[in-house]
Amino acid sequence: MISTIRGYRRINLIRNPSQKQNTIRCLSSSDPKDGGDKDDIWTNARVSSYVGHTFPDFIEGWNRRVYRKVGYGLAATSTLAAGLTATICDSVLSTSSIPAALLTAGTAAYFYVGERDIKQKQHSVRRNYPVIGNLRYVLETIRPELRQYFVESDMDGRPFDRMHRVQIYQRAKNVDDTLPFGTRRNLYDINSEWACHSMWPKTISLDKARHTIGSSEWGCKLPYSSSIFNISAMSYGAISENAILSLNNGAKFGNFSHNTGEGGVSKFHRRHGGDLVWNIGTGYYGCGTGGEHRVFDQACFQDSLAEAEGQIKMIEIKLSQGAKPGHGGLLPRSKITKEIASARKLQFPPEFDCHSPSSHSAFSSPTELVEFLAHVRELSGGLPVGIKMCVGRPGEFAALGRAMVEVGCGPDFITVDGAEGGTGAAPPEFSDSIGLPLEEGLVLVQNILVGAGLRDKVTIIASGRITSGFGLVRNLSLGADVANSARGFMMSLGCIQALKCNTNKCPTGIATTNRELMEGLDPEDKAVRVYNYHKRTVKSALDIIGAMGHESVDMVSSDDIMRRVRTNEVRTLSEHFPEVEPGCLLSGTAPERLQTVWNDLQPSRMWIY
């Protein structure tokens, strides 16, 4: 007897030797004798109908012996068909001979595939189940498409569900994106969130959706007026030249910025003249020298700035990214094209692989980082210079805050990249299990900067799966001033979430260097879609902020968003993440855990809440 508990009923599978079948008895657990009712008994000749198997029964009965019997039968049938055809047909090329020819060809293909399956040693399923075992690999190949188009609901799908993808497509195409018949969400689900509207809503114009980045106290002479929603870092080479052209042209139309990614500033970034944020990683592409081990070179840096002719508005030093924090990268020299070499200031033809180590060679401590930022700012003529990071150890970011206070300088902006961020290719463990998600990372950075009295000098940029107006507002409420999105803008170009970014076979021509696939992406048409998506998403965010009763984006706070934490309990985000008083870390009056982290007592073990 096999007994399991499912809900409030126990299911017993009883072997009945006399009837040569299995009896399934469902007994109510409320019965004191556990005897159940006679009506709760069903019989079935096969246990597999209830328990389940890896393969259907007809496949389990297949083996090499059966495969050969079927093959001999096919061969005999083919021979018979050929003989009959020869008897009744005047010519071998007669249309009446086509069925026999097809049957013969099919039999030959059957034996060819089957014998190949038996002889190979890599796949046990194919060896044990010749011919039909290949069905597993066929179905496995098309499973993502079957799931996306026929199985998943509007609320399913990862990393982005269908509801959000469709919303992006509609806004990019500038078509109706209204929702009929009410929300599809269950508002009583745990972690469901909503904005608190006001009885006296306001209207906010699009020209107010901007934030100035750059502190004159820290030497910034050319502050940048940034949109509250911009294109996040994507390198040339990771995405195609047509994708770069589309994104930058769309950014120019909409007056928002386009982050280059750490692959350097290519000629495709410069062609249309859209505002650029130059992302500098550990490989110092476009601003470094060396072969396998590259170092920052100020002359090369200034040459790249001059080539951009004022198009570069900010400089971002990448410490880590959410999809693979603490992990480097390698571009084999066989994949380094002339255009990639030009953008990255590499020798061509290349002699070495293009290596991005996990850490920088220009600095190795918080103080050295702060000093390097000041040096880069000076070399650039006073451009805003910031850092991008996925937050890891709270104590290490607190140490950076202490260095900023002690040196009297720091980054003009900090891009907080959540662990839910994306990339073209990353080790699964790094994407799934390393780094703080955006929410926790954003709150930590906000609290450290506020507590250290630095918040008014540093702009916080949020990055990580932000695609909608509400997503933008939610991150503004947690402390961000600006938000970036990469995959949202990729979908505005036409990305269908095929999840083939790491294969160079992107069907939409975005995440590929294959020119044949790239031709499918028209830069002029897609630039308009990028512009439309940005404009309508920002407009949606402003509509929400106005509905809250605010007159500007700066007024949004964590009191404005509520979250259901239990079935019958909701909290504001300010209750979930209590705010700290300005300067409290310096005066020693911060919450105990945060103060302990700041004081460098067991920084790797303490948290902020």
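Structure shown above.
Position numbers for residues start from 1 in each chain and track the written sequence from start to end. In keeping with the predicted nature of the model, local features appear solely for residues at pLDDT of at least 70, side-chain atom pairs appear and are counted solely at 80 or more, and the whole-chain, interface and lining totals rest on all residues. Processing note: side-chain calculations cover all non-hydrogen atoms of the structure and skip hydrogens and water entirely.

A.B. asks: Help me out: how do you make sense of the overall build of the protein chain in this one?
C.D. replies: Per the secondary structure count, the protein chain includes 22 helices and 21 strands. Burial classes: relative accessible area under 20% of the type maximum marks a residue as buried, over 50% as exposed, and values in between as partly exposed (1.4 Å probe, protein chains only). Going through the 609 residues of the protein chain one by one, you find that 45% of them count as buried. Should any heavy atoms of two residues lie within 4.5 Å, those residues are considered in contact. Restricting the contact set of the protein chain to residue pairs at least 6 apart, pairs at least 24 apart contribute 65%. Only the protein chains shown count as cover for residues, with accessible areas throughout obtained via the Shrake-Rupley method and a probe of 1.4 Å. Split by element, the accessible area of the protein chain, about 31,000 Å² in all, is 53% carbon and sulfur. Secondary structure follows DSSP: runs of H or I at least 4 residues long count as helices, runs of E at least 2 residues long count as strands, and numbering of each begins at the N terminus.

A.B. asks: Mind showing me how you'd approach the sheet that holds strand E5 (residues 193-195) here?
C.D. replies: Either a parallel or an antiparallel arrangement is found when strands of a sheet pair, and the pairing is made through backbone hydrogen bonds. The pairing criterion is simple: DSSP has to find at least two bridges between the two strands. Strand order across the open sheet formed by three strands is E5-E20-E21, with antiparallel pairing between neighbours. Two strands close off the open sheet at either side, each with one partner strand: E5 and strand E21 (569-572). Taking the axes of each pair of neighbouring strands and ignoring which way they run, one obtains an average angle of 30° across the sheet. Pairing of strand E20 (residues 561-566) with E21, which is carried by four bridges, proceeds in the antiparallel orientation. Across the sheet, the residue bridging to Arg-563 is Arg-571, located in E21. Axis angles are defined between N-to-C directions and span 0 to 180 degrees, where every axis is a line fitted to C-alpha atoms and, for a helix, only to the segment in contact. Each of E5 and E20 is contacted by helix H16 (residues 469-477), which is oriented at about 90° to E20, the strand it contacts most.

A.B. asks: What am I meant to see in empty space enclosed by the protein here?
C.D. replies: A water-sized probe, rolled over the atoms, reveals where empty space remains. A cavity, in this analysis, means grid points on a 1 Å lattice covering only the protein atoms where a 1.4 Å probe fits yet has no way out; a pocket is instead an open set bounded by protein on both sides within 12 Å along at least five of seven lines, and a residue lines either one if it has an atom within 4 Å of a point. Grid points are joined across faces, edges and corners, and a volume is the space filled by probe spheres set on the points. This model, assessed by the stated rule, comprises two cavities of 30 Å³ or more. Lining the largest cavity are 13 residues, with Ser-257, Val-277, Met-314, Ile-461 and Asn-484 sitting closest to its centre. Of all the elements in the fold, those that place two or more residues in the lining of the largest cavity are strand E8 (229-231), strand E13 (312-318), strand E17 (413-417) and strand E19 (482-485). Of the residues contributing to the lining of the largest cavity, the split by class is six nonpolar, six polar and one charged. Reported here for the second largest cavity is a volume of approximately 40 Å³. Val-265, Arg-270, Trp-278, Gly-286, Ser-304, Glu-307, Ala-343 and Lys-345 together form the lining of the second largest cavity. Gly is put with the polar residues, along with every residue not named as nonpolar or charged; the nonpolar set is Ala, Val, Leu, Ile, Met, Phe, Trp, Tyr, Cys and Pro, and the charged set is Asp, Glu, Lys and Arg.

A.B. asks: Explanation requested: the nonpolar core in the structure shown.
C.D. replies: Soluble, globular proteins show a tendency: their nonpolar side chains are buried together. For our purposes a nonpolar core is just a set of buried Ala, Val, Leu, Ile, Met, Phe, Trp, Tyr and Cys residues, chained together by side-chain atoms within 4.5 Å. If you look at the biggest cluster of nonpolar residues, it comprises 109 residues, and the most contacted ones within it are Phe-301, Ile-312, Ile-315, Ile-317, Ile-414 and Ile-510. When residues in this core are grouped by element, the largest group, eight residues, is from helix H15 (residues 438-451). Residues within four places of Ile-510 in sequence aside, it is in contact with Ala-238, Ile-239, Ser-240, Ala-243, Met-490, Leu-493, Gly-494, Cys-495 and Leu-521.

A.B. asks: Before we go on, may I ask you to explain H15 in this structure?
C.D. replies: Structural remark: α-helix, 3.6 residues per turn; residues separated by three or four positions point the same way. Any helix carries an expected span of 1.5 Å times its number of residues minus one. Relative to the 20 Å expected for 14 residues at 1.5 Å per residue, H15 spans 20 Å between its end C-alpha atoms, a close match to the ideal helical length. The element H15 is extensively covered by neighbouring structure, given that 13 of its 14 residues are classed as buried. Just downstream of H15 lies Gly-453, where phi reads positive at about 70°.

A.B. asks: Hey, could you run me through the pattern of salt bridges in this one?
C.D. replies: Where side chains of opposite charge bring their charged atoms close, a pairing between them can arise. The term salt bridge refers to a pairing of a side-chain nitrogen on Lys or Arg with a carboxyl oxygen on Asp or Glu at a separation within 4 Å. Using the criterion set out here, one finds 23 salt bridges in the structure. Note that Glu-140 is salt-bridged to Arg-136, the shortest N-O span being 3.5 Å. Taken together, the positions of Glu-140 and Arg-136, both in helix H6 (residues 134-151) and four residues apart, correspond to about one turn of that helix. In this structure, the salt-bridge partner of Asp-456 is Lys-457, at a minimum N-O distance of 3.6 Å. Residue Lys-457 is classed as buried on the basis of its relative accessible area of 17%. Through salt bridges that share partners, Glu-193, Glu-439, Arg-474 and Arg-563 make up one connected network.

A.B. asks: Before we go on, may I ask you to explain the pairing of strand E16 (residues 385-389) in this structure?
C.D. replies: The side chains of a regular strand alternate between the sheet's two faces. Among the five residues in E16, five count as buried, and that is most of the element. Alternating residues of E16 divide into Val-385, Ile-387 and Met-389 and Gly-386 and Lys-388, and every residue in both groups is buried. Direction of pairing for E13 relative to E16: parallel, over a ladder of four bridges. Paired with Ile-315 across the strands is Val-385, a residue of E16.

A.B. asks: I would appreciate a short explanation of the packing of helix H8 (residues 241-254) against helix H19 (residues 523-547) in the present structure.
C.D. replies: Think of two packed helices as two axes; the pair is described by the angle between the axes and how far apart they sit. Interaxial distance between H8 and H19 falls to 7 Å at its minimum, and their mutual angle equals 45°. Taken as axis vectors, H8 and H19 run oblique relative to one another. Of the two elements, H8 crosses H19, and the hand of that crossing is right-handed. Across from Asn-242, Leu-245, Ser-246, Leu-247, Asn-249, Gly-250, Phe-253 and Gly-254 in H8, the residues of H19 making contact are Pro-523, Lys-526, Ala-527, Val-530, Tyr-531 and His-534. Among the residues forming the contact of H8 with H19, the class breakdown is seven nonpolar, six polar and one charged. Oblique is the label for any angle not under 35 degrees, not over 145, and not in the 65 to 115 range, which are roughly parallel, roughly antiparallel and roughly perpendicular in turn. In this scheme the handedness of a crossing depends on how the near helix is turned from the far one: anticlockwise by less than a right angle means left-handed, clockwise means right-handed.

A.B. asks: What is the right way to read the packing of aromatic side chains from this model?
C.D. replies: The geometry of two aromatic rings is summed up by the distance between their centres and the angle between their planes. Think of it this way: a Phe, Tyr or Trp ring, Trp meaning its six-membered ring, pairs with another when their centres are within 6.5 Å, and the plane angle makes it stacked under 30 degrees, edge-to-face over 60, tilted otherwise. Within this structure, the stated rule accounts for 13 aromatic pairs. Between Tyr-67 and Tyr-110, the aromatic rings sit 5.2 Å apart at their centres with planes inclined by 35°, giving tilted as the arrangement. You can see Tyr-67 sitting in helix H3 (residues 64-88) and its partner Tyr-110 sitting in helix H4 (residues 98-119), a full 43 residues away along the chain. Take Tyr-67 and Tyr-110: they sit in the same class, and that class is buried. Between Phe-256 and Phe-489, the aromatic rings sit 5.7 Å apart at their centres with planes inclined by 25°, giving stacked as the arrangement. Separated by 233 residues along the polypeptide, Phe-256 in the loop between H8 and strand E9 (258-259) and Phe-489 in helix H17 (residues 487-493) bring together distant segments of the chain. Overall, the relative accessible area of 0% leaves Phe-256 in the buried class. Aromatic rings pair up to connect Trp-278, Tyr-284, Phe-296, Phe-301, Phe-363 and Phe-372 into one cluster.

A.B. asks: How should the side chain of Asn-484 be read in this particular structure?
C.D. replies: Relative to the assigned elements, Asn-484 resides in strand E19. With a relative accessible area of 7%, Asn-484 lands in the buried category. Residues in contact with Asn-484, not counting those within four places in the same chain, are Asn-230, Ser-232, Thr-415, Ile-461, Ala-462, Ser-463, Gly-464 and Ile-466.

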